[in-house]
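Here are the chains, one letter per residue:
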Amino acid sequence: MQIKLGRNDKCWCKSGRKYKQCHQSFDEKIARIAAEGHQVPAREMIKNADQIAGIRQSAKINIAVLDYVAEHIHPGMQTEEIDQMVYSLTTQMGGMPAPLHYDGYPKSVCTSVNDQVCHGIPSKDVILKEGDIVNVDASTILNGYFSDSSRMFCIGEVSPEKKKLVEVAKECVYRGLEAVKPWGFLGDMGQAVHDHAFANGYTVVREIGGHGVGLEFHEDPWVSYNSRRGEEMLMVPGMIFTIEPMVNMGRAEIYVDEENDWTVYTEDRKPSAQWEIMVLVTEDGAEILSY
């Protein structure tokens, strides 16, 4: 339950300012929108200045890790080698890989190849070969703050069909980013993503979406990319969440590997592509924190 503050009380955001000078009008605006029947964020979803600063530092490691992978990924490489690189660089920079031991996940990164939608587990037995596409999803903890992003990589020369899928999946993320505005709705972003994917003949996975992030690995809100403008949660300054649609060349249906209970595949075994950015809603738009 949110504590009701008096006008002269210290603001809940820990700025040290009086509530009336800080977040009172902000809270009143959210209350008016909630009264209209819209879903609005709880205070716990809104990061303060100190938290945002800590999350930015975590994101610097996350970006550096993916930059390093981009420089070294190549045909003939074991996905296990990617895992080792991610663990080594993350820890050298003072962080820890967030996926490691998360709900029993055994590795430091996810490496999802071709028809693997997400949560591909690195292995010495998985060798990247010419023509593959692979998503490398890295997440970092630094001083208790979390960051999360992923990139697609084309291994050597890939088919025109796979190349287009990878390019359109990235375009979807940035179409979504353009729709992130304070006092708009997550559905504005979701429909922008969905429409661009479908305009190019692709589908977007329904069961898995984006999420809030920063103080935990996965926070509210859950973020859909099959949503409509004007619907879903209100976006307000201070919210941080991921834009990470999983775009399928074929149908949207997926299934989970029964043996490892982690890796998600397309049901029709056609390729899937995903890029992920972590964004902060600002007073006038959005800031990319990790990519």
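In case you missed it, the structure is sitting above this.
Parameters at a glance
- Residues numbered from 1 in each chain as written.
- Predicted model: local features only at pLDDT ≥ 70, side-chain atom pairs only at ≥ 80, totals over all residues.
- Heavy atoms only, no water.
- Pairing = 2+ DSSP bridges.
- Helix = DSSP H or I, 4+ residues; strand = E, 2+ residues; numbered from the N terminus.
- Axes fitted to C-alpha atoms, helices over the stretch in contact; angles between N-to-C directions.
- Parallel < 35°, antiparallel > 145°, perpendicular 65-115°, else oblique.
- Left-handed = near helix turned anticlockwise from the far one by under 90°.
- Contact = heavy atoms within 4.5 Å.
- Nonpolar A, V, L, I, M, F, W, Y, C, P; charged D, E, K, R; others polar.
- Expected span 1.5 Å × (residues − 1).
- Buried < 20%, exposed > 50% of the residue type's maximum accessible area, 1.4 Å probe, protein only.
- Phe/Tyr/Trp six-rings, centres within 6.5 Å; stacked < 30°, edge-to-face > 60°.
- Lys NZ or Arg CZ within 6 Å of the ring centre and 35° of its normal.

Participant: Give a detailed account of the sheet that holds strand β11 (residues 254-256), specifying residues and quantitative values.
Facilitator: In sheet architecture, strand pairing relies on hydrogen bonds along the backbone and comes in two forms, parallel and antiparallel. Here 3 strands make up an open sheet; going across it, the order is β3-β12-β11 and the pairing antiparallel. Edge positions in the sheet fall to β3 (116-118) and β11, since each of these pairs with one other strand and no more. Neighbour-to-neighbour, the strand axes of this sheet turn through a mean angle of 40°, independent of strand direction. Note that β11 and strand β12 (residues 264-266) share 3 bridges and pair antiparallel. Paired with Y255 across the bridge in β12 is Y265.

Participant: I'd like a rundown of the packing of helix α4 (residues 160-178) against helix α5 (residues 186-199), residues and numbers included.
Facilitator: As a packed pair, α4 and α5 sit with axes 8 Å apart at the nearest point and diverge in direction by 155°. In terms of axis orientation, α4 runs roughly antiparallel to α5. The crossing of α4 and α5 is right-handed. Together, V168, E171, C172, R175 and G176 of α4 and M189, A192, V193, H196 and A197 of α5 make up the contact between the two elements. Its residues placed into classes, the contact of α4 with α5 shows 6 nonpolar, 2 polar and 2 charged.

Participant: Now, about the sheet that holds strand β6 (residues 203-204): what can you tell me, with residues and values included?
Facilitator: The 3 strands lie next to each other as β6-β10-β13, forming an open sheet whose pairing is antiparallel. Two strands close off the open sheet at either side, each with one partner strand: β6 and β13 (272-274). Summarising the sheet, β6 and strand β10 (residues 246-248) pair through 2 bridges and their orientation is antiparallel. Across the sheet, residue V204 finds its bridge partner in β10, namely V247. Across the face of the sheet, α4 comes into contact with β10 and β13 while running at roughly 40° to β13.

Participant: If you had to explain the packing of helix α2 (residues 49-72) against helix α3 (residues 79-92) to someone new, which residues and values would you point to?
Facilitator: For the pair α2 and α3, the least separation of the axes is 10 Å and the interaxial angle reads 140°. Considering the angle they form, α2 stands oblique to α3. Where α2 crosses over α3, the two elements pack in a sense that is right-handed. Note on element contacts: α3 touches α2 through I82, M85, V86, L89 and T90, opposite I61, A64, V65, Y68, V69 and H72. Grouping the amino acids of the contact of α2 with α3 by side-chain chemistry returns 9 nonpolar, 2 polar and no charged.

Participant: Which residues make up α5, and what are the values?
Facilitator: Along an α-helix, a turn takes 3.6 residues, which lines up residues three or four apart on a common side. Taking 1.5 Å per residue, 14 residues should reach 20 Å; α5 reaches 20 Å between its end C-alpha atoms and fits that length. Most of α5 is tucked away: 10 of the 14 residues are buried. Three or more residues of α5 are buried, namely L186, G187, D188, M189, G190, Q191, A192, V193, H196 and A197. The inward-facing, buried residues of α5 contact α4, β6, β8 (219-223), β9 (240-243) and β10. Just past α5, the residue G201 takes up positive phi, approximately 85°.

Participant: Please give an account of the environment of D261 that cites residues and values.
Facilitator: Inspection of the secondary structure puts D261 in the loop between β11 and β12. Through-space distance from the C-alpha of D261 to that of Y105 is 9.6 Å; in sequence the pair is 156 residues apart.

Participant: Outline the packing of aromatic side chains, listing residues and values.
Facilitator: Scanning the model with the defined rule gives 5 aromatic pairs in all. Ring geometry for F146 against F217: centres 6.3 Å apart, planes inclined by 15°, an arrangement best described as stacked. Placement of F146 in strand β5 (residues 145-154) and of F217 in the loop between β7 (210-212) and β8 is noted, with a sequence separation of 71 residues between them. Through pairs of rings, three or more aromatic residues link up here, namely Y102, F146 and F217. The ring of W275 has K170 sitting right over it, with the charged end atom 4.6 Å from the ring centre.

Participant: Break down the pairing of strand β2 (residues 110-113) for me, with residues and values.
Facilitator: Every second residue of β2 is oriented toward a common face, with C110 and S112 on one face and T111 and V113 on the other, all of them buried. Examined bridge by bridge, β2 and strand β4 (residues 133-142) share 4 bridges and lie antiparallel to one another. What sits directly across from C110, in β4, is D137.

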